[in-house]
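Chain by chain, the residues:
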Amino acid sequence: MRKLCWPPILICCLFAVASAQERLDFSKLQERVTKVAGNIYMIEATGGFGGGNIGVSVGDDGIVIVDDQFAPLADKIQAALKGISDKPVKFILNTHYHGDHTHGNRVWGKNANIIAHENVRKRLQVPDPDSKEEMPTFGLPVITFEQGVAVHLNGEDIRAIHFPSGHTDGDSVIFFTQSNVIHMGDDLFNGMFPFIDLEAGGSVRGYIDAVESVLKQAKPGTKFIPGHGPIATGDEVKEYLAMLKDTYQIVAAGVKQGKTLDQLKQQKVLAKYDKFAGGFMKTDEFLVQLYNDATGKKKNYM
């Protein structure tokens, strides 16, 4: 596997704290709170890479958070939550297993119940292949599901629905029904090319199907919390879906014509979508993932 700069690695792997700290100075990061709609908020790290966006449901019954970034940021996340509500965190929903969304389980799982798709628990039970670090038992999901689950709290029907073979094989999209908000985890990188973890059961076609299905279930005015990037509108998610479909079609057509990966790169077949290259994945890196998927390779990079 080709070594990349730290942001893609961080979203690919469940990093040990020590390993992540080699790349990040968590002391420089801050947590920003944005009200999304109803009783739903988003917490995002600013000042550097701090992990995926956190969804928050608050009310008299307590707090539900969706994803929990890295463990060293737990105190800053707690302070941000105190600015919204003085209630305790009762439930954590993990949208998938990657460390920038679940590493905080080893803090938050001590006092709250973690919920996730069963594949998330299975993958979190495997020690990190490099650091050998294990997730403590209390950091594993205690409630798992195959198709979906609902948490009824704060006057909100919070529904987690599994979408197979998208970003990973354990993706869940979270619907905050009454507030008309959807947290898509890493099935949405707003304004950016996504990382699709082919080595963890993800697929481009499954990813496209997930985004398309979520859009069909969305209502007028739905706001979307992405795994990374700013809060999105329905029109922005539609543009994202169109990009996914077209880029995959372009690369799949090239493969059918017998073109090599190097030829597709040299021809800059995805150049018209370079505006999506401002995040983790650059154009050629995303092209590699599309090419590998189209040729049946279960590798993230060459």
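See the structure shown above.
Let us look at the structure shown here.

Procedures and definitions
Residues numbered from 1 in each chain as written. Predicted model: local features only at pLDDT ≥ 70, side-chain atom pairs only at ≥ 80, totals over all residues. Heavy atoms only, no water. Helix = DSSP H or I, 4+ residues; strand = E, 2+ residues; numbered from the N terminus. Rg over C-alpha atoms; globule rule 2.2 N^0.38 Å. Buried < 20%, exposed > 50% of the residue type's maximum accessible area, 1.4 Å probe, protein only. Contact = heavy atoms within 4.5 Å. Areas by Shrake-Rupley, 256 points an atom, 1.4 Å probe, with all protein chains shown as cover. Axes fitted to C-alpha atoms, helices over the stretch in contact; angles between N-to-C directions. Parallel < 35°, antiparallel > 145°, perpendicular 65-115°, else oblique. Left-handed = near helix turned anticlockwise from the far one by under 90°. Nonpolar A, V, L, I, M, F, W, Y, C, P; charged D, E, K, R; others polar. Core = buried A, V, L, I, M, F, W, Y, C linked by side-chain atoms within 4.5 Å. Pairing = 2+ DSSP bridges. Expected span 1.5 Å × (residues − 1). Polar contact = N/O pair within 3.5 Å; in protein donor to acceptor, adjacent residues only side chain to side chain. 1 Å grid on protein atoms, 1.4 Å probe; cavity = no way out; pocket = protein on both sides within 12 Å on 5 of 7 lines; lining within 4 Å. Points joined across faces, edges and corners; volume = space filled by probe spheres on them. Salt bridge = Lys/Arg side-chain N within 4 Å of Asp/Glu carboxyl O. Phe/Tyr/Trp six-rings, centres within 6.5 Å; stacked < 30°, edge-to-face > 60°.

## A word on the overall build of the chain
Here is step 1 of the chain: Helix and strand counts for the chain stand at 10 helices and 12 strands.
Here is step 2 of the chain: Scaling as 2.2 N^0.38, a compact globule of 302 residues should have a C-alpha radius of gyration of about 19 Å, and the chain matches this with 18 Å.
Here is step 3 of the chain: Principal axes of the C-alpha set define a box for the chain whose edges measure 60 × 45 × 35 Å.
Here is step 4 of the chain: Taken over 302 residues, the chain has a buried fraction of 57%.
Here is step 5 of the chain: Long-range pairs, those at least 24 residues apart, make up 65% of the contacts in the chain between residues at least 6 apart in sequence.
Here is step 6 of the chain: Carbon together with sulfur atoms contributes 50% to the accessible area of the chain, which is approximately 12,400 Å² in total.

## Concerning the packing of helix H7 (residues 204-217) against helix H8 (residues 234-256)
Here is step 1 of the chain: Packing of H7 against H8 brings their axes to within 10 Å, and their N-to-C directions diverge by 155 degrees. In terms of axis orientation, H7 runs roughly antiparallel to H8. Crossing of H7 against H8: the hand is left-handed. Within the contact between the two elements, H7 uses Val 204, Arg 205, Tyr 207, Ile 208, Val 211, Glu 212 and Leu 215 and H8 uses Gly 234, Val 237, Lys 238, Tyr 240, Leu 241, Leu 244, Lys 245 and Tyr 248.
Here is step 2 of the chain: Taken together, the residues of the contact of H7 with H8 sort by class into 10 nonpolar, 1 polar and 4 charged.

## With respect to the nonpolar core
Here is step 1 of the chain: Judged by nonpolar contacts, the single largest core of 64 residues is most densely connected at Val 56, Ile 65, Leu 81, Val 211 and Phe 224.
Here is step 2 of the chain: Apart from the residues within four sequence positions on either side, Phe 224 is in contact with Ile 182, Met 184, Leu 188, Val 214, Leu 215, Ala 218, Ile 231, Ala 232, Thr 233, Gly 234 and Val 237.
Here is step 3 of the chain: By size, the runner-up hydrophobic cluster in this structure holds 18 residues, among which are Phe 91, Leu 93, Phe 145 and Ile 158.

## Section: the sheet that holds strand E4 (residues 63-66)
Here is step 1 of the chain: Pairing is mixed in the open sheet, where 7 strands are placed in the order E1-E2-E3-E4-E5-E6-E7. This sheet does not close on itself; its edge strands, each paired only once, are strand E1 (30-37) and strand E7 (143-145). Mean inter-strand twist for the sheet, computed between neighbouring axes without regard to direction, equals 20 degrees.
Here is step 2 of the chain: Where strand E2 (residues 40-46) lies against strand E3 (residues 54-57), 4 bridges are found, and the strand directions are antiparallel. When the sheet's bridge partners are listed, Met 42 is paired in E3 with Gly 55.
Here is step 3 of the chain: On the sheet, helix H3 (residues 74-82) packs against E1, E2, E3, E4 and strand E5 (89-93) and is oriented at approximately 40 degrees with respect to E1.

## Regarding H7
Here is step 1 of the chain: The first and last C-alpha atoms of H7 sit 20 Å apart over 14 residues, in line with the 20 Å expected at 1.5 Å per residue.
Here is step 2 of the chain: Within the sequence span of H7, burial applies to Val 204, Gly 206, Tyr 207, Ile 208, Ala 210, Val 211, Val 214 and Leu 215.
Here is step 3 of the chain: Residue Ser 203 occupies the N-cap position of H7, its side-chain oxygen lying 2.9 Å from the main-chain nitrogen of Gly 206.

## A few points about the layout of surface pockets
Here is step 1 of the chain: Reported here for the second largest pocket is a volume of approximately 180 Å³.
Here is step 2 of the chain: Lining the second largest pocket are Glu 44, Ala 45, Gly 48, Phe 49, Gly 50, Gly 51, Asn 53, Met 192, His 228, Gly 229, Gly 279 and Phe 280.
Here is step 3 of the chain: Its residues placed into classes, the lining of the second largest pocket shows 4 nonpolar, 7 polar and 1 charged.

## Remarks on the pattern of salt bridges
Here is step 1 of the chain: Here the structure, examined in full by the defined rule, presents 7 salt bridges.
Here is step 2 of the chain: Ionic pairing is found between Lys 272 and Asp 246, a salt bridge with its closest N-O pair at 3.0 Å. Taken together, the residues Lys 272 in the loop between helix H9 (261-266) and helix H10 (283-294) and Asp 246 in helix H8 connect sequence positions 26 residues apart.
Here is step 3 of the chain: Residue Lys 272 is classed as exposed on the basis of its relative accessible area, which comes to 59%.

## Here's the deal with the packing of aromatic side chains
Here is step 1 of the chain: Across all of its chains, the model carries 9 aromatic pairs by this definition.
Here is step 2 of the chain: Ring geometry for Phe 26 against Phe 70: centres 5.5 Å apart, planes inclined by 50 degrees, an arrangement best described as tilted. Separated by 44 residues along the polypeptide, Phe 26 in the loop between helix H2 (17-23) and E1 and Phe 70 in the loop between E4 and H3 bring together distant segments of the chain.
Here is step 3 of the chain: Of the residues examined, Phe 26 reaches a relative accessible area of 6% and is grouped as buried.
Here is step 4 of the chain: Residue Phe 70 is classed as buried on the basis of its relative accessible area, which comes to 1%.
Here is step 5 of the chain: On the numbers, 6.4 Å between centres and 25 degrees between planes, the contact of Phe 195 with Tyr 301 is stacked. Placement of Phe 195 in the loop between strand E11 (181-183) and H7 and of Tyr 301 in the segment after H10 is noted, with a sequence separation of 106 residues between them.
Here is step 6 of the chain: Joined through ring pairs, the aromatic side chains of Phe 26, Phe 49, Phe 70, Phe 189 and Phe 280 make up one cluster.

Without other data, these values stay purely geometric and don't point to any function.
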